[in-house]
Amino acid sequence: MERQSGTRLIESDVVVVGGGYAGLAAALRLHDNAVDFTLVEASDRVGGRVLTEIRPGGGPVDHGGQWVGPTQTRLLELAARFGCRTFPTWEKGSHIEVWHDGTRVPYTGTAPADGPGTAEYVRVTELLDEFARTVDTVRPWRTARFEEWDARTAQSFFRSETDDADALRRLALAVQGLWCAEPDEISLFHVLFYIAAAGGFEQLMETRGCAQDSRFATGAAGPARAVAALLGDRVRLGERALAIAYDADGVRVRTPTSLLRARRAIVALPPHAVRAVDFAPPLPAARDGWLSHSPMGRVAKVHAVYDTPFWREEGLSGVATLYGDGPIGVVFDNSPEDGSYGVLVGFVYGGRLDGFAALDEADRRAAVLDGLVSVAGPRAGRPRDYTEKIWTRDPFARGGYEAYATPGGWSGHGECGWREPTGPLHWAGTETASEWNGYIDGAVSSGYRAADEVLAGLDGADGSGGADEVDGRGRAGEANGSGGAAR
Ligand SMILES: Cc1cc2nc3c(=O)[nH]c(=O)nc-3n(C[C@H](O)[C@H](O)[C@H](O)COP(=O)(O)OP(=O)(O)OC[C@H]3O[C@@H](n4cnc5c(N)ncnc54)[C@H](O)[C@@H]3O)c2cc1C
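Residues numbered from 1 in each chain as written. Predicted model: local features only at pLDDT ≥ 70, side-chain atom pairs only at ≥ 80, totals over all residues. Heavy atoms only, no water.

Asks: What should I look at first to understand the overall build of the chain in this one?
Replies: Within the chain one finds 16 helices and 22 strands. On C-alpha atoms alone, the chain measures out to a radius of gyration of 22 Å, which is about the 23 Å that the 2.2 N^0.38 rule sets for 487 residues. Summarising its shape, the C-alpha atoms of the chain cover approximately 65 × 55 × 40 Å along the three principal directions. Residues counted as buried form 60% of the 487 residues belonging to the chain. Put simply, 74% of the contacts in the chain that link residues at least 6 apart link residues at least 24 apart. Looking at the chain as shown, the accessible area adds up to about 18100 Å², and 49% of this sits on carbon and sulfur atoms. Here the chain contributes 50 positively and 67 negatively charged side chains, and the mean placements of these two sets differ by 4 Å. (Helix = DSSP H or I, 4+ residues; strand = E, 2+ residues; numbered from the N terminus. Rg over C-alpha atoms; globule rule 2.2 N^0.38 Å. Buried < 20%, exposed > 50% of the residue type's maximum accessible area, 1.4 Å probe, protein only. Contact = heavy atoms within 4.5 Å. Areas by Shrake-Rupley, 256 points an atom, 1.4 Å probe, with all protein chains shown as cover. Lys, Arg positive; Asp, Glu negative; His and termini not counted. Charge placed at Lys NZ, Arg CZ, Asp CG, Glu CD.)

Next up, the structure:
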């Protein structure tokens, strides 16, 4: 690859491509080990699928990733290093279930205990947990029933387990909520792998002690911004990697304004963004096959802001699940820590997003507010601020929360295509994580793991241990050891 006239030549030991949590964690690990690197980020900010906006007259709004749970220790440690505090998610009071026929039921716990289909839903999810306990999340292809499970969709499994239409409704909403996809789109094995990577179905679904436990006082982009500030001008914004050439001598990364030469590259992008880069030579068939079986989930996140969290006056938590035809599937209380004003956040995902995104802005807002009124009453229809982010339209993320594997992806291409290094190219991104795959924590651990592969390679080893590494535990102590106040 030749340097084009007018572009700048930048040389370093390592190029990191992507400035989301994975790329930033990789760069931080290199920084902590005194390795010379340059990070290129296509957009004008760091954080990627974590996007905190300060609204006029309000506080931080997290349009993307926001929650952190107590077992997501890599993210918590990273945040603590930079003094970014968390606070518990608001959830005191009764939750609301709005059933598909419009029935509105207050409940506490996971779901209305005697609700339609609840018992059968619980039975099937317990079975998912039982299967997930057999999944090897580091070498998934070693799982006993790997090929059998990867040949099926979640939907085919659900239907073979139950013909209870209400339970199937609950299972469908759970799949939408966790993967932003429909049950007939996603590999059953991927569902089980993901549950295993989180430590169980309950960890994924619940709030206290689980994935939705806490939020960041600064907004979830706080730690990412702090890492970028520490790394300084080695983080280059507005530089999209257009082409990557690689061979035994190293890598050349071309952006619109620079040619970066390095011994190794860490590519910390979601699968579709990897496919948008022009690789020379082309990526191996297994990697390409893996990427082509990894579509992004489809999600929008909407926030409605009120003068007060008025639902609490009626003993409501602000948490709700909605099974009707409206766009919103789930609602949470996203008010600030001090409760000085009220915020309801809603998620529109999977097939629900397809119709929603086709509406114009006014109709989208009206449909969302209808859903919020069904949860919290007429006052929910009169927010003082309303904002939405349709992630399928984000030019760099193109969806969320993450990519999921379609049937045949894992068994056809996983062993060599998931995260095994390609010569001097090392793969990071939450989709390559063995723990908390799909989450910010998974992104962080994937960045550490990829950096550790590179460090091993630069030390003289071949650096090809990717698929066998347990998410960068090796040097985590070093990377997290210095500076910063505790949470
Ligand atoms: C609506 C939503 C809600 C979520 N909620 C949660 C949550 O509550 N908790 C949680 O833990 N996780 C949540 N997630 C998931 C979490 O945000 C992601 O798992 C995580 O942020 C992914 O980080 P990453 O670094 O792997 O990828 P990304 O954040 O996607 O980073 C990739 C970066 O690469 C850049 N890029 C793309 N192409 C190029 C290129 N060619 N050259 C250079 N740069 C490029 C992008 O701009 C981006 O900055 C949510 C996600 C969404 C969208």
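Asks: For this particular structure, what's the right way to read the site of the ligand?
Replies: In the region of the ligand, 35 residues are neighbours, and Glu41, Arg49, Thr430, Gly438 and Ile440 sit closest. Within the contact set of the ligand, an oxygen atom lies 3.5 Å away from a backbone nitrogen or oxygen of Tyr439. Those elements that place two or more of their residues in the shell around the ligand are α1 (21-32) and α15 (440-458). Looking at side-chain class alone, the shell around the ligand contains 18 nonpolar, 13 polar and four charged residues. (Near = heavy atom within 4 Å. Polar contact = N/O pair within 3.5 Å; in protein donor to acceptor, adjacent residues only side chain to side chain. Nonpolar A, V, L, I, M, F, W, Y, C, P; charged D, E, K, R; others polar.)

Asks: Teacher, can you tell me more about the side chain of Asp62 here?
Replies: Within the element layout of this structure, Asp62 appears in strand β5 (residues 60-62). One buried charge, Asp62, has no salt-bridge partner; the nearest side chain with opposite charge is Arg215, at 5.6 Å. In terms of polar contacts, Asp62 uses its side chain to reach the side chain of Thr52, at 2.6 Å. Apart from the residues lying within four places of it in its own chain, the contact partners of Asp62 are Leu51, Thr52, Gly219, Ala220, Ala221, Lys301 and His303. (Salt bridge = Lys/Arg side-chain N within 4 Å of Asp/Glu carboxyl O.)

Asks: So what exactly am I meant to see when it comes to the packing of aromatic side chains here?
Replies: Any two aromatic rings considered together are summarised by their centre-to-centre distance and by the angle between their planes. For the coordinates displayed, the defined rule picks out 21 aromatic pairs. The interplanar angle of 80° and the centroid separation of 6.3 Å between the aromatic rings of Trp141 and Trp418 together place this pair among those described as edge-to-face. With Trp141 in the loop between α3 (118-132) and α4 (146-150) and Trp418 in the loop between α14 (409-417) and β22 (425-428), this pair connects stretches of sequence that are 277 residues apart. When sorted by exposure, Trp141 lands in the same class as Trp418, which is buried. (Phe/Tyr/Trp six-rings, centres within 6.5 Å; stacked < 30°, edge-to-face > 60°.)

Asks: It is not clear to me how helix α12 (residues 351-358) should be interpreted in this structure. Could you clarify?
Replies: An α-helical turn contains 3.6 residues, so any two residues separated by three or four positions project in the same direction. Listed in full, the buried residues belonging to α12 are Arg352, Leu353, Phe356 and Ala357. Around the axis of α12, the buried residues are gathered within 115° of arc, so they sit on the same side. Buried-residue contacts for α12 involve α6 (165-179), β17 (299-306), β18 (316-322), β20 (342-349), α13 (361-376) and β21 (385-390). (Arc of directions from axis to C-beta.)

Asks: Sorry if this is basic, but what is going on with the domain arrangement of the chain here?
Replies: How big an interface is tends to be stated in terms of accessible area lost as the parts join. Domain annotation for the chain reports domain 1 (8-48 + 220-295 + 405-480), domain 2 (86-110 + 206-215 + 297-396) and domain 3 (117-205). The centre of domain 1, based on its C-alpha atoms, is set 29 Å off from the matching centre of domain 3. Between domain 1 and domain 3, the contact holds 22 residues from the first and 23 residues from the second. Carbon and sulfur atoms supply 59% of the area buried between domain 1 and domain 3, which totals about 1700 Å² over both sides. Per-residue buried area on domain 1 facing domain 3 is highest for Pro407, Trp410 and Trp436; these three make up 35% of the total on that side. Viewed at the interface, domain 3 and domain 1 are joined by seven residue pairs in polar contact (both at pLDDT 80 or more). Taken together, the residues that form the side of domain 1 that touches domain 3 break down as nine nonpolar, eight polar and five charged. (Domains from an automatic or database assignment. Buried area = accessible area lost by both parts, 1.4 Å probe.)

Asks: Would you mind showing me how to read unusual backbone geometry here?
Replies: Among all residues except glycine, the phi angle is most often negative; among peptide bonds, the trans geometry is most common. In this chain, Ala280 is followed by Pro281 through a cis amide linkage whose omega measures 0°. The topology assignment puts Pro281 in the loop between β16 (278-280) and α11 (285-292). Positive phi values are uncommon outside glycine, yet Trp436 reaches one of about 50°. For Trp436, a relative accessible area of 2% translates into the label buried.

Asks: Could you clarify how one ought to interpret the packing of α11 against α14 in this entry?
Replies: Each pair of packed helices gets described by two things: the angle between the helix axes and the distance between those axes. Put simply, α11 and α14 touch, their axes get as near as 8 Å, and they point 135° apart. The orientation of α11 relative to α14 falls into the category oblique. Seen from above, α11 lies across α14 with left-handed handedness. Packed against α11, whose contacting residues are Ala285, Ala286, Arg287, Gly289 and Trp290, the element α14 presents Gly409, Trp410, His413, Gly414, Cys416 and Gly417 at the interface. Here the residues of the contact of α11 with α14 sort into five nonpolar, five polar and one charged. (Axes fitted to C-alpha atoms, helices over the stretch in contact; angles between N-to-C directions. Parallel < 35°, antiparallel > 145°, perpendicular 65-115°, else oblique. Left-handed = near helix turned anticlockwise from the far one by under 90°.)

Asks: Mind showing me how you'd approach the sheet that holds strand β10 (residues 214-216) here?
Replies: By definition, the strands of a sheet pair up through backbone hydrogen bonds, in either a parallel or an antiparallel sense. With antiparallel pairing, the three strands of this open sheet are ordered in space as β6-β10-β7. The sheet is open, and its two borders are formed by β6 (67-68) and β7 (86-88), each paired with just one other strand. Across three bridges, β7 lies against β10 in antiparallel orientation. Of the residues in β10, the one forming a bridge with Pro88 is Ser214. (Pairing = 2+ DSSP bridges.)

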